[in-house]
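Below, each chain spelled out in residue letters.
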Amino acid sequence: MNQRHAEKLKFELLETWNTFNHYVTEALTFTNSEDIHRARVHLRKLITFMQIYETKPATFRQLKQLMAVLGHVRDLDVLIENFESQNELDALFLQVVEKQRAIERTILSTRVSEKMTPSLDQQIRRFIGGPLFRAFKKMNASPMLEKAKEERNQRIRIYHEQPDRSEQVEALHKVRLAVKRERYLHEYLLNYETDASMDTVRTLKRMQTELGEMNDHDQLLKRWRTFKPPEDLQSVYDAKIETLQEELDTSVEHLSI
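Residues numbered from 1 in each chain as written. Predicted model: local features only at pLDDT ≥ 70, side-chain atom pairs only at ≥ 80, totals over all residues. Heavy atoms only, no water.

Enquirer: Report on the nonpolar core, specifying residues and quantitative values.
Expert: Counting 44 residues, the largest nonpolar core has Phe20, Phe49, Leu63 and Leu189 as its most contacted members. Mapped onto this core, the elements with two or more residues apiece are helix H1 (3–27), helix H2 (33–50), helix H3 (60–82), helix H4 (88–115), helix H5 (118–138), helix H6 (141–161) and helix H7 (165–189). The element best represented in this core is H1, accounting for nine residues. Among all residues touching Leu189, those that are not within four sequence positions of it are Met1, Leu9, Ala141, Met144, Leu145 and Ala196. (Core = buried A, V, L, I, M, F, W, Y, C linked by side-chain atoms within 4.5 Å. Buried < 20%, exposed > 50% of the residue type's maximum accessible area, 1.4 Å probe, protein only. Helix = DSSP H or I, 4+ residues; strand = E, 2+ residues; numbered from the N terminus. Contact = heavy atoms within 4.5 Å.)

Written out as structure tokens, the structure is:
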């Protein structure tokens, strides 16, 4: 990558970090669940490029921890926003989920206050402007794209090799992460690398959407499996679990990967 392109990519990643800071601050008001989603997207993009560097910076683990706690709240936000309570069992389940979200929001606020320090900010900016920038100047972007594609294909092969549905679903979560990483690389490198393709971005976005829907089904089923219903609603609960499993199976069968 030439000097000019490396400079531009460095600037874009610094802007990505700035945008993450904005959305994670807004997210802690918990007035708009999309703030958490946008914070996660920008943090995922930054982590994607950090993973290119052979030696991870000391801040990498902290960013991964932030990603995890943001994800816990985001999953519950999606579940609650899409949930339709139709009976007594649903209402009881929703109460439990809302209590869990309140706990996860408290954990998120605590983690952000602990991690998002001036020191972390300075370290991230120095890493982007220093070691990562120098790495960009030394590498060709094309192998980065090819490596991401190979990782995605490897994850898909592993998925197809799994003997049962539960292992398939776990493998699909790793496919979903690989698809995200590859998509972000293509989006950022469109202006710098002829192998970066908008057609590939569209294909990956479609795959990401399908895998995201599968993930929503899986997260919902997992939450229901940890829920303990009253004895008099056990039969209704069992029927609910069976229906959710069927919906998850259908979403997996309809994947075009």
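That was the structure; now back to the text.
Enquirer: Help me get a handle on the packing of H7 against helix H9 (residues 234–253), residues and values and all.
Expert: Following both chains from N to C, one finds H7 and H9 inclined at 55°, their axes separated by 11 Å at the closest point. In terms of their interaxial angle, H7 and H9 are classed as oblique. Both H7 and H9 take part in a crossing whose hand is left-handed. Residue-level contacts link Arg165, Gln168, Val169 and Leu172 of H7 to Gln245, Leu248, Asp249, Val252 and Glu253 of H9. When the residues that make up the contact of H7 with H9 are grouped by side-chain class, the tally is four nonpolar, two polar and three charged. (Axes fitted to C-alpha atoms, helices over the stretch in contact; angles between N-to-C directions. Parallel < 35°, antiparallel > 145°, perpendicular 65-115°, else oblique. Left-handed = near helix turned anticlockwise from the far one by under 90°. Nonpolar A, V, L, I, M, F, W, Y, C, P; charged D, E, K, R; others polar.)

Enquirer: Could you give an account of the pattern of salt bridges, naming the residues involved and the relevant values?
Expert: Across all of its chains, the model carries 17 salt bridges by this definition. With a closest N to O distance of 2.9 Å, Asp77 and Arg101 form a salt bridge. With Asp77 in helix H3 and Arg101 in helix H4, the pair connects residues that are 24 residues apart, well separated along the chain. The class of Asp77 is buried, set by a relative accessible area of 1%. With a relative accessible area of 16%, Arg101 lands in the buried category. For Glu114, the salt bridge goes to Arg111, with nearest N and O atoms at 3.7 Å. In this pair, Glu114 and Arg111 both sit in helix H4, three residues apart, roughly one turn of the helix. Linked through salt bridges whose partners overlap, the residues forming this network are Asp77, Arg101 and Arg105. (Salt bridge = Lys/Arg side-chain N within 4 Å of Asp/Glu carboxyl O.)

Enquirer: Please provide a residue-by-residue account of unusual backbone geometry, values included.
Expert: In this structure, Phe30 is a non-glycine residue whose phi angle is positive, near 55°. Locating Phe30 in the fold gives a position in the loop between H1 and H2.

Enquirer: I'd like to hear about the side chain of Arg44, residue by residue, with values.
Expert: Considering the arrangement of structural elements, one finds Arg44 in helix H2. Buried Arg44, no salt bridge; nearest opposite-charge side chain is Glu151, N-O distance 9.4 Å. Look past the residues within four positions of Arg44 in its chain and what remains in contact with it is Met67, Leu177, Lys180 and Tyr184. (Lys, Arg positive; Asp, Glu negative; His and termini not counted.)

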